[in-house]
Amino acid sequence: MVIIGGGAAGTMAAISAASQLENTACDITIIEKNSRLARKVMITGRGRCNVTNNCDLETLIANTPKNGKFLYSAFSAFSASDVMSFFENHKVPLKTERGNRVFPVSDKAVDIVDALAKAVKSNGVSVVEGAVAEIITEENAVKGVLLDDGRTFGADAVILSTGGASYPLTGSTGDGYIIAQKLGHTITPITASLIPLECHEGFCSRLSGLSLKNVTLSVYEEGKRRPVFSEMGEMLFTHFGISGPLVLSASAHLRDIEKRNYTAVIDLKPALSAEQLDKRILRDFEETLNRDFINSLDKLLPKSLIPVVVSLTGIAPDTKVNSISRAERQRLCDVIKSLTLHITRSRPVEEAIITRGGISVKEIVPGSMSSKIIENLYFAGEIIDVDAYTGGFNLQIAFSTGFLAGKSAVQNMLGE
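Keep in mind the model is a prediction, meaning the values are calculated, not measured. (Residues numbered from 1 in each chain as written. Predicted model: local features only at pLDDT ≥ 70, side-chain atom pairs only at ≥ 80, totals over all residues. Heavy atoms only, no water.)

Peer 1: So what exactly am I meant to see when it comes to the overall build of the protein here?
Peer 2: Helix and strand content of the protein: 12 helices and 21 strands. Seen through its principal axes, the protein has C-alpha atoms that stretch 85 × 45 × 35 Å. Counting the 416 residues in the protein, one finds 55% classified as buried. Within the protein, contacts between residues at least 6 apart in sequence are counted, and of these 73% link residues at least 24 apart. (Helix = DSSP H or I, 4+ residues; strand = E, 2+ residues; numbered from the N terminus. Buried < 20%, exposed > 50% of the residue type's maximum accessible area, 1.4 Å probe, protein only. Contact = heavy atoms within 4.5 Å.)

Pasting the structure below:
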């Protein structure tokens, strides 16, 4: 068996396959571009590795908006609790945080990577550094793989788990799509998901680096009254627009972003109603009656945000607080409760945490992850046209599909 790609999905596929063999002889080889396995896992969760989400099957599917039901068998074969048990059994203590996000207690992604690498080694799996150019077939059945340096490896089964097209420096360069396409598989359009967003407003660059905590971000599509996304959490401004956990989550809900008009609305004080906010502002103003307006908001807003908010109210910065009218105070409340940004596009796919699109699920058997076109070919991980929200769901997809692909490939090879 040859597994192309040694990321989260590929390593789990190898471990799963090896665990099915017991005393049966079978060579399992991972072919990986990088000198180290699971390199992309190292940067997940901002280096902490949000390894899964501590939830049930229905919640996993609900948080996978693209072809979630296709993953029913994979999630059933290797659930979130199975993932947690796997790492706990491999001496990586875990903890569950807000939103049921699961992290190693150490907050170090390297512990997850090391556990996978050790399990690969202890199960007798070979690791070969190299890049696969194509999968060799005869009569629509897998026969081996050809590397770009001319080396060939015979194979009775091949699992393609090369990841998507995001973070190319980690090895996810999209070459797996080309390999699959040569074999007749359909690749749905490749776009970015879980990605920072660019905005029209020039003040974003002036606020670059400002992190906002406990704010509510709502995103609206033009022509629709209800937001496509609304959640409280953390975000930040960048030189091009907005990023951070809230923004990455929101981006997963945006479709055809360059063809549709989306607006982001930030409630800077979601814990206060408009009436409560007005009373809070009045109290602050009473303490600074003789100050200029721009010097009266220190207790309410981050320092770098004050000039932007003042400008958006249309109130002259040097207006004395004691002369601000009720209508002007209302405008201030409106800006604070609904700071509005116009989204122009997402950042390039290379900067995305995951890739939206991939091998069409219509051409994959959901109960085995096997190809409907090429015999003894299997798929696992981000290369498949499935993507989920943030919160550990995408790594869960990688582990579940990898586990099922490895198990299915061995059972098929052994005639079970």
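Peer 1: Even after reading the chapter, I still don't get the layout of surface pockets, so can you show me in this structure?
Peer 2: Gaps left between atoms show up when a probe the size of a water molecule is rolled over them. Computed from the structure, the second largest pocket encloses a volume of approximately 360 Å³. Lining the second largest pocket are 20 residues, and of these Thr191, Ala192, Asp256, Ile257 and Arg356 sit closest to its centre. Looking at the lining of the second largest pocket residue by residue, the class counts come to 8 nonpolar, 5 polar and 7 charged. (1 Å grid on protein atoms, 1.4 Å probe; cavity = no way out; pocket = protein on both sides within 12 Å on 5 of 7 lines; lining within 4 Å. Points joined across faces, edges and corners; volume = space filled by probe spheres on them. Nonpolar A, V, L, I, M, F, W, Y, C, P; charged D, E, K, R; others polar.)

Peer 1: Is there a simple way to explain the sheet that holds strand β17 (residues 339-346) in this structure?
Peer 2: Remark on secondary structure: sheet strands pair via backbone hydrogen bonds, oriented parallel or antiparallel. Here we have 6 strands rolled up into a closed barrel, ordered β12-β15-β14-β13-β16-β17, and antiparallel in their pairing. When the angles between neighbouring strand axes are averaged without regard to direction, this sheet yields 45°. One ladder, built from 6 bridges, connects strand β13 (residues 211-221) with strand β16 (residues 262-267); its direction is antiparallel. Considered in β16, the bridge of glutamate 221 is made with tyrosine 262. (Pairing = 2+ DSSP bridges. Axes fitted to C-alpha atoms, helices over the stretch in contact; angles between N-to-C directions.)

Peer 1: Can you help me understand the state of the cysteines in this one?
Peer 2: What is meant by a disulfide is a covalent connection between two cysteines, made through their sulfur atoms. Applying the stated criterion to the full structure yields 0 disulfides. Free cysteine: cysteine 204, not disulfide-bonded; nearest cysteine sulfur from cysteine 199 at 4.7 Å. Taking relative accessible area as the criterion, cysteine 204 reaches 1% and is therefore assigned buried. (Disulfide = S-S within 2.5 Å.)

Peer 1: Explanation requested: the sheet that holds strand β3 (residues 52-53) in the structure shown.
Peer 2: On the basis of which strands lie adjacent, the open sheet formed by 3 strands has the order β3-β5-β4 and antiparallel pairing. One side of each edge strand has no neighbouring strand; the edge strands of this open sheet are β3 and β4 (94-97). Bridge count for β3 against strand β5 (residues 101-104) is 2 bridges, and the pairing is antiparallel. Bridged to threonine 52 within β5 is valine 102.

Peer 1: Any chance you could explain the nonpolar core here in plain terms?
Peer 2: One broad trend across soluble globular proteins is that nonpolar side chains are buried collectively. Counting 85 residues, the largest nonpolar core has Phe87 and Phe399 as the members making the most contacts within it. Looking at this core element by element, the count peaks at 10 residues for helix α12 (residues 393-413). In contact with phenylalanine 87, other than residues within four places in its own chain, are Val51, Val92, Leu94, Ile112, Ala115, Leu116 and Phe399. Counting residues in hydrophobic clusters, the runner-up holds 45 residues, among them Leu197, Ile281, Val310 and Val335. (Core = buried A, V, L, I, M, F, W, Y, C linked by side-chain atoms within 4.5 Å.)

Peer 1: Can you help me understand helix α1 (residues 8-21) in this one?
Peer 2: Within an α-helix, residues lying three or four positions from one another point in the same direction, as the helix has 3.6 residues per turn. A rise of 1.5 Å per residue sets the reference length of α1, with its 14 residues, at 20 Å; its end C-alpha atoms lie 21 Å apart and thus fit the reference within 8%. Of all 14 residues making up α1, 12 are buried, and the element is well covered by its neighbours. Residues of α1 that are buried: Ala8, Ala9, Gly10, Thr11, Met12, Ala13, Ala14, Ile15, Ser16, Ala17, Ala18 and Leu21. Looking at the buried side of α1, the elements it contacts are β1 (2-4), β2 (29-32), α4 (80-89), α5 (109-122), β10 (158-160) and α12. (Expected span 1.5 Å × (residues − 1).)

Peer 1: Is there a simple way to explain the side chain of serine 400 in this structure?
Peer 2: Counting through the fold element by element, serine 400 comes out in helix α12. In this view, serine 400 contacts Ala74, Phe75 and Phe78; residues no more than four positions away in its chain are not counted.

Peer 1: I tried to follow α4 on my own but got confused; where do I start?
Peer 2: Every buried residue of α4 is accounted for by Ala80, Val83, Met84, Phe86 and Phe87. Along the axis of α4, the buried positions cluster into a sector of 155°, meaning they face one direction only. Once α4 finishes, lysine 91 follows within two positions and takes phi at roughly 65°, a positive value. (Arc of directions from axis to C-beta.)

Peer 1: Is there a simple way to think about the side chain of glutamate 363 in this case?
Peer 2: Within the secondary structure, glutamate 363 is located in the loop between β18 (354-356) and β19 (364-365). Within the buried core, glutamate 363 has no salt-bridge partner, and the shortest N-O distance to an opposite charge, that of lysine 362, equals 8.6 Å. A polar contact of 2.6 Å, which involves the side chain of glutamate 363, links it to the side chain of threonine 186. Contact partners of glutamate 363, with chain neighbours within four places excluded, come to Gly184, His185, Thr186, Ser370, Ser371, Lys372 and Ile373. (Lys, Arg positive; Asp, Glu negative; His and termini not counted. Salt bridge = Lys/Arg side-chain N within 4 Å of Asp/Glu carboxyl O. Polar contact = N/O pair within 3.5 Å; in protein donor to acceptor, adjacent residues only side chain to side chain.)

Peer 1: It is not clear to me how the packing of aromatic side chains should be interpreted in this structure. Could you clarify?
Peer 2: Two aromatic rings are characterised by how far apart their centres lie and by the angle between their planes. With the rule as written, the count across this model stands at 4 aromatic pairs. Site record: aromatic cluster; members linked through ring pairs are Phe86, Phe87 and Phe399. If you follow arginine 347 out to its NZ or CZ, it ends over the ring of phenylalanine 240, 4.1 Å from the centre. (Phe/Tyr/Trp six-rings, centres within 6.5 Å; stacked < 30°, edge-to-face > 60°. Lys NZ or Arg CZ within 6 Å of the ring centre and 35° of its normal.)

Peer 1: Teacher, can you tell me more about the pattern of salt bridges here?
Peer 2: Pairs can form between side chains of opposite charge whenever their charged atoms are close. Counted under the stated rule, the structure contains 22 salt bridges. For glutamate 97, the salt bridge is made with arginine 48, and the minimal N-O distance between the two is 2.6 Å. On the criterion of sequence distance, the pair formed by glutamate 97 in strand β4 and arginine 48 in the loop between β2 and β3 is long-range, its members being 49 residues apart. Among the ionic pairs, arginine 260 bridges to glutamate 221, the shortest N-O distance being 3.6 Å. Here glutamate 221 lies in strand β13 and arginine 260 lies in the loop between α8 (245-251) and β16, a separation of 39 residues in the sequence. On the accessibility criterion, arginine 260 (32% relative accessible area) is partly exposed. Salt bridges sharing partners connect three or more residues here, namely Arg48, Lys95, Glu97 and Asp107.

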